[in-house]
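# Coordinate inspection notes
Listed here are the chains, written in short residue letters.
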Amino acid sequence: MATTHSRTAARFMISPSVLLLLGWMIVPLSMTIWFSFQSYNLLSPGTEEWIGFLNYEFFLTDPAFFAALSNTLLLVLGVLVITIIGGTLLALLLDQPVFGQGVVRILVIAPFFVMPTVSALVWKNMFMNPVNGLFAHAAKAMGLEPFDFLAHAPLFSVTLIVAWQWLPFATLILLTALQSLDQDQLEAAEMDGAGPFSRFIYIVVPHLSRAITVVILIQTIFLLSIFAEILVTTNGGPGYASTNITYLVYAQSLLQFDVGGGSAGGIIAVILANIVAFFLMRMIGKNLEA
Amino acid sequence: MGSIVLKQVTKRFGDVEVIPPLDLSIVEGEFVVFVGPSGCGKSTLLRLIAGLEDVTSGTVEINGQDATTARPAARGLAMVFQTYALYPHMSVRKNIAFPLKMAGLDQAEIDRKVNGAAQVLNLTDYLDRRPGQLSGGQRQRVAIGRAIVREPMAFLFDEPLSNLDAALRVNMRLEISELHQKLATTMIYVTHDQVEAMTMADKIVVLRDGYIEQVGSPLELYNSPANLFVAGFIGSPKMNFIEGAEASKHGAHTIGVRPEHLVITQDAGMWQGTVGVAEHLGSDTFLHVAVDGVGTLTVRAPGELALRHGDAITVTVPGDKIYRFDRDGSAVR
Ligand SMILES: Nc1ncnc2c1ncn2[C@@H]1O[C@H](COP(=O)(O)OP(=O)(O)O)[C@@H](O)[C@H]1O
Ligand SMILES: [Mg+2]
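Keep in mind that this is a model prediction, so the values were computed, not measured. (Residues numbered from 1 in each chain as written. Chains lettered and ligands numbered in written order. Predicted model: local features only at pLDDT ≥ 70, side-chain atom pairs only at ≥ 80, totals over all residues. Heavy atoms only, no water.)

## Observations concerning the side chain of E187 of chain A
Following the sequence through the fold, E187 of chain A ends up in helix α9 (residues 183-191). Reaching out from E187 of chain A, the side chain makes a polar contact with the side chain of R47 of chain B at a distance of 2.6 Å. When neighbours within four sequence positions are excluded, E187 of chain A is seen to be in contact with R47, L52 and F81 of chain B. (Helix = DSSP H or I, 4+ residues; strand = E, 2+ residues; numbered from the N terminus. Polar contact = N/O pair within 3.5 Å; in protein donor to acceptor, adjacent residues only side chain to side chain. Contact = heavy atoms within 4.5 Å.)

Take a look at the structure:
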């Protein structure tokens, strides 16, 4: 698209889809913004009125908000750390020529195809249940007291479940990146006297940095809005111990029927997501440049 | 420092024997070229010496010590890869410094050596660039720089010039030869290009299907090739081979005549034929001459010749320039 003419034509051609996407985004966003300035509770219909920033004030000063904020960030960070370290190690392992490589790879990818609600239920009932769970049985077999994961370490448990779901994604992206690494470089490094660990640090990790960036960006987008796993396992509790922003918005608007407060929470979540995105791009965006 | 001896070395990949039992000794300071057609096992042999592949059987001795199972880094050899294998995320400076850093040298020493190597290779202005920002020739130089800073006992080159254009290739050929003069370190150089082999080598090892066909200096190979394969491989244009009655006259199954040894004579001569294609290079003229009962002969005549398609000419070769080969291709002396 070199000429001015073809560029104008191109803009004209893509304008319908741009407009559609814009409308798609603008309508719900402006409705949410509109509701967020209303006193709008489904339990008392007909009393809607403009109340300014009161919903925001209410949401932001709620002690649950700060708990939810830090839970959201901890959840995202925890899952990222587990999936990237675990994904790199798994990718290194899967890159080795082993018998039945194809089957092993499919097995590794499998968790990604399990619905979040289903995998959360499986973890809750079959692994973490303090009476019947596999972990409880294992603990008893070793003569230890079974640990009630969801009651005593709720956020950690949710993090674990979500990390299990996202590990395949990270592994897959990192594995393809690993396979695109030029073997000559590794051999050159070997000739240059670099041991396996130095080769990993100086050759493999820099090569993976772009893939790691992609994993971080994509996962962050999805992890900021984790919901099903929390609803199915802990319901955000005990107290607010495993409530994130998304769950708080749900609790506000649907459990308390407060549409106005929930909308304000939604807008705050959007702003937070943008702040996170801004800092992420600042920190690692340069890795994406060629 | 820098002698390498291979004893009964073999290499198999699964069921395929790429290198059959092979003996070779390389003297300190020699420039040895492994030459042969693609897929004949040159790279494999080089990688066996480097330690990047394990030998299936046999021993590799470096400096008189058994290095068969030594790790690549412990062998004291440096390798320049065909693809250069530079580290793309590191600057030129860091690339060259990498082996020194791995060896645990202090920073001042590293800087001194890197700057020295950069000076030798004309890379001083490019030290802070990434490999991606360099031309092919410059990348090649960085790869060589990374090899020389280690002061290895021997350099291994795997077709280092095959990714460069023709003019640059001639330049780099000279530079590598000069480097060898200056450092006087053993160099093993792999190529499929017989011109590179002839121009650079002290000793050429001609390989075919993993077998060593002949070892010798460039002129030994040119003047007394051990067999048809070497005779056909060394020299450009390729040697003419003649079989049948014409060969029997000289008591051989096949005779070979180099294009440059064929002399164009006015009337009386050995073979009379017609010019097919004439290639005028200015300095030389290559004629493809069809001779009845002999086949097509390539003739290399110095200078410009006013001969063209369809002209009838006579060519002669001095008796001592005829190479004779027996039925199984070995030279008859
Ligand atoms: N890792 C490998 N596995 C199986 N076969 C190989 C491997 N490396 C090389 N070969 C085979 O060995 C032969 C020689 O290869 P190579 O040494 O690369 O040839 P050259 O460098 O002379 O072109 C080829 O037939 C090639 O297919
Ligand atoms: Mg090769």
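## Some points on the pairing of strand β14 (residues 271-280) of chain B
Residues and elements named next belong to chain B. As judged from the four bridges shared by β14 and strand β17 (residues 312-316), these two strands associate in the antiparallel manner. Note that in β17 the partner of W271 across the bridge is V315. As paired elements, β14 and strand β15 (residues 284-291) share six bridges and run antiparallel to each other. Pairing of V275 across the sheet is with V289, part of β15. Here β14 hands over to β15 after three residues, with G282 in that stretch at a positive phi of 95°. (Pairing = 2+ DSSP bridges.)

## Some points on unusual backbone geometry
The linkage connecting S236 of chain B with the following residue, P237 of chain B, adopts the cis geometry, with an omega of -5°. Summarising the element assignment, P237 of chain B is placed in the loop between α8 (228-233) and β11 (240-243). If you check the backbone angles, F257 of chain A has positive phi at about 60° while not being a glycine. Considering the arrangement of structural elements, one finds F257 of chain A in the loop between α12 (245-255) and α13 (259-284). Overall, the relative accessible area of 33% leaves F257 of chain A in the partly exposed class. Despite not being glycine, A184 of chain B has its phi angle at roughly 55°, a positive value. Looking at where A184 of chain B falls in the secondary structure, it is placed in the loop between α5 (166-183) and β8 (186-191). (Buried < 20%, exposed > 50% of the residue type's maximum accessible area, 1.4 Å probe, protein only.)

## Observations concerning the packing of aromatic side chains
Aromatic ring pairs: the centre-centre distance and the angle between the two ring planes describe each pair. All names here are of chain A. Here the structure, examined in full by the defined rule, presents 27 aromatic pairs over all chains. Judged by centre distance (5.1 Å) and plane angle (90°), the rings of F37 and F53 are edge-to-face. Of this pair, F37 sits in the loop between α1 (4-36) and β1 (38-39) while F53 sits in the loop between β2 (49-50) and α2 (54-61), and the two are 16 residues apart along the sequence. Under the relative-accessibility criterion, F53 is labelled exposed at 58%. Each ring, one from F37 and one from Y56, has its centre 5.5 Å from the other, and the planes form 45°; the classification is tilted. In this pair, F37 sits in the loop between α1 and β1 while Y56 sits in helix α2, placing the two residues 19 residues apart along the sequence. Here the two residues F37 and Y56 agree in accessibility, since each one is buried. (Phe/Tyr/Trp six-rings, centres within 6.5 Å; stacked < 30°, edge-to-face > 60°.)

## Observations concerning the pairing of β15 of chain B
The two faces of a sheet get side chains in turn, since along a regular strand they alternate between them. All names here are of chain B. Of all eight residues in β15, six are buried; the element is thus mostly enclosed. Of the pairings in the sheet, the one linking β15 to strand β16 (residues 295-302) comprises eight bridges and is antiparallel in character. If you follow F286 over to β16, its bridge partner there is R300. The antiparallel hairpin formed by β15 and β16 contains three residues in its connecting segment, where G293 sits at a positive phi of about 80°.

## Some remarks on the interface of chain B and chain A
With 22 residues of chain B at the contact, the number on the chain A side is 15 residues. In this assembly, chain B packs against chain A so that about 1,600 Å² is buried in total across both faces, 63% of it on carbon and sulfur atoms. Considering only the surface of chain B that becomes buried against chain A, Y87, H89 and M102 of chain B emerge as the three largest contributors, covering 29% of it. Across the chain B-chain A interface, the total number found is three salt bridges. Its salt-bridge partner being D192 of chain A, residue R146 of chain B comes within 3.7 Å of it at the nearest N-O pair. Mapped by element, the contributors of at least two residues to the side of chain B that touches chain A are α1 (42-50), β6 (77-80) and α2 (92-102) of chain B. If you tally residues by element for the side of chain B that touches chain A, the top one is α2 of chain B, at four residues. (Buried area = accessible area lost by both parts, 1.4 Å probe. Salt bridge = Lys/Arg side-chain N within 4 Å of Asp/Glu carboxyl O.)

## A word on the nonpolar core
Ranked by size, the top nonpolar core spans 75 residues in total, and within it I4, L6 and F34 of chain B carry the most contacts. Top contributing element to this core by residue count: helix α8 (residues 154-179) of chain A, with ten residues. Once residues lying within four places of it in the same chain are set aside, the contact partners of L6 of chain B are L22, D23, L24, L45, I49, T59 and V60 of chain B. (Core = buried A, V, L, I, M, F, W, Y, C linked by side-chain atoms within 4.5 Å.)

## A closer look at the domain arrangement of chain B
All names here are of chain B. Per the domain assignment, the segments of chain B are domain 1 (4-230) and domain 2 (238-325). Every contact between the two is made by six residues of domain 1 and, on the other side, seven residues of domain 2. Taken over both partners, the interface formed by domain 1 and domain 2 buries close to 550 Å², and the fraction arising from carbon and sulfur atoms is 61%. Of all residues in domain 1, Y222, P225 and L228 bury the most surface against domain 2, accounting for 86% of the area lost on that side. For the interface between domain 1 and domain 2, the tally reads zero salt bridges. (Domains from an automatic or database assignment.)

## Focus on the sheet that holds β15 of chain B
Residues and elements named next belong to chain B. Spatially, the five strands line up as an open sheet ordered β13-β17-β14-β15-β16, and their pairing is antiparallel. Across the chains shown, the open sheet's two edge strands, defined by having one partner strand only, are β13 (263-265) and β16. Averaged over all neighbouring strand pairs, the angle between strand axes comes to 50°, with direction disregarded. Bridge count between β13 and β17: three bridges; the pairing is antiparallel. Across the sheet, the residue bridging to I264 is V315, located in β17. (Axes fitted to C-alpha atoms, helices over the stretch in contact; angles between N-to-C directions.)

## A look at the confidence of the model for chain B
All names here are of chain B. The predicted model of chain B averages 91 in pLDDT, with 100% of residues at 70 or higher. The lowest-confidence element of chain B is helix α9 (residues 245-248), averaging 87 in pLDDT; the highest-confidence one is strand β3 (residues 31-35), averaging 95. For this predicted complex, the interface confidence score (ipTM) comes to 0.84, while the overall pTM stands at 0.82. (pLDDT = per-residue confidence, 0-100.)

## Some words on the packing of α9 of chain A against helix α10 (residues 196-223) of chain A
Residue and element names in this part refer to chain A. Look at α9 against α10: their axes get within 10 Å of each other, and the N-to-C directions meet at 145°. Considering only the axes of α9 and α10, their crossing is right-handed. Mapping the contact onto sequence places Q185, L186, A189 and E190 in α9 and R199, I203 and V204 in α10. (Left-handed = near helix turned anticlockwise from the far one by under 90°.)

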